[in-house]
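Tertiary structure, described
Next come the chains, spelled out residue by residue.
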Amino acid sequence: MNICKAFEMKDRSERYNHLSGLIKLEEFGDYFNGHYLHTWDDGHRYLCKCPECNALILVQFSEFHAYDDAYYKDYFAVGSREEAIALNEKYDGWQIEKEYTGERIFKTF
């Protein structure tokens, strides 16, 4: 599997800057296979490609509605579209954050 170089970067700002250039390939929505594809109140998942290294990344966006809304993004390295779909089938938003053991980057903003 080709893993995006962002997963190897130590500097957070460099890593997040690199991830900001991802190209969205497919939107998976917020609900799949009987469970939500996000944590908290709102969100969705989508498949992206890094324009620099062509690696695939499954992104989970979540929003917590409160006085000051909080936003979260999880980036999961995947080897194929089929692997991304398999993760959608297997894990809801909370499970993928707690149980997934592959390469992952977490960002709050």
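All figures in this text were calculated on a predicted structure; none of them were measured in a lab. (Residues numbered from 1 in each chain as written. Predicted model: local features only at pLDDT ≥ 70, side-chain atom pairs only at ≥ 80, totals over all residues. Heavy atoms only, no water.)

**Points about the sheet that holds strand S4 (residues 42-49)**
Within the open sheet, the five strands sit side by side as S1-S4-S5-S6-S7. Their pairing is antiparallel. Of all the strands in the sheet, the pair left with one neighbour each is strand S1 (23-29) and strand S7 (104-108). Neighbouring strand axes in the sheet, compared pairwise and without regard to direction, differ in orientation by 20 degrees on average. As defined by bridge partners, strand S5 (residues 56-64) adjoins strand S6 (residues 70-78) across nine bridges and the pair is classed as antiparallel. Each bridged residue has a counterpart across the sheet, and for Glu63 the counterpart in S6 is Tyr71. Contacts from helix H1 (residues 12-19) reach S5, S6 and S7, with the element oriented near 95 degrees to S7. (Pairing = 2+ DSSP bridges. Helix = DSSP H or I, 4+ residues; strand = E, 2+ residues; numbered from the N terminus. Axes fitted to C-alpha atoms, helices over the stretch in contact; angles between N-to-C directions. Contact = heavy atoms within 4.5 Å.)

**Let's talk about the side chain of Glu63**
As for its placement among the helices and strands, Glu63 is situated in strand S5. Despite being buried, Glu63 has no salt bridge partner; Lys73 is the closest side chain of opposite charge, sitting 12 Å away. With sequence-adjacent residues up to four places away left out, Glu63 is seen in contact with Thr39, Trp40, Asp41, Asp42, Asp69, Ala70 and Tyr71. (Buried < 20%, exposed > 50% of the residue type's maximum accessible area, 1.4 Å probe, protein only. Lys, Arg positive; Asp, Glu negative; His and termini not counted. Salt bridge = Lys/Arg side-chain N within 4 Å of Asp/Glu carboxyl O.)

**What about the pairing of S5?**
When you tally the buried positions in S5, you get eight out of nine residues, the bulk of the element. Here S4 pairs with S5 via eight bridges, running antiparallel. Looking at S5, one finds that His44 is bridged to Phe61. From the end of S4 to the start of S5, which pair antiparallel, there are six residues, and Asn54 there has a positive phi angle of about 65 degrees. Remark: five residues form the turn of the hairpin made by S5 and S6, two consecutive strands paired antiparallel.

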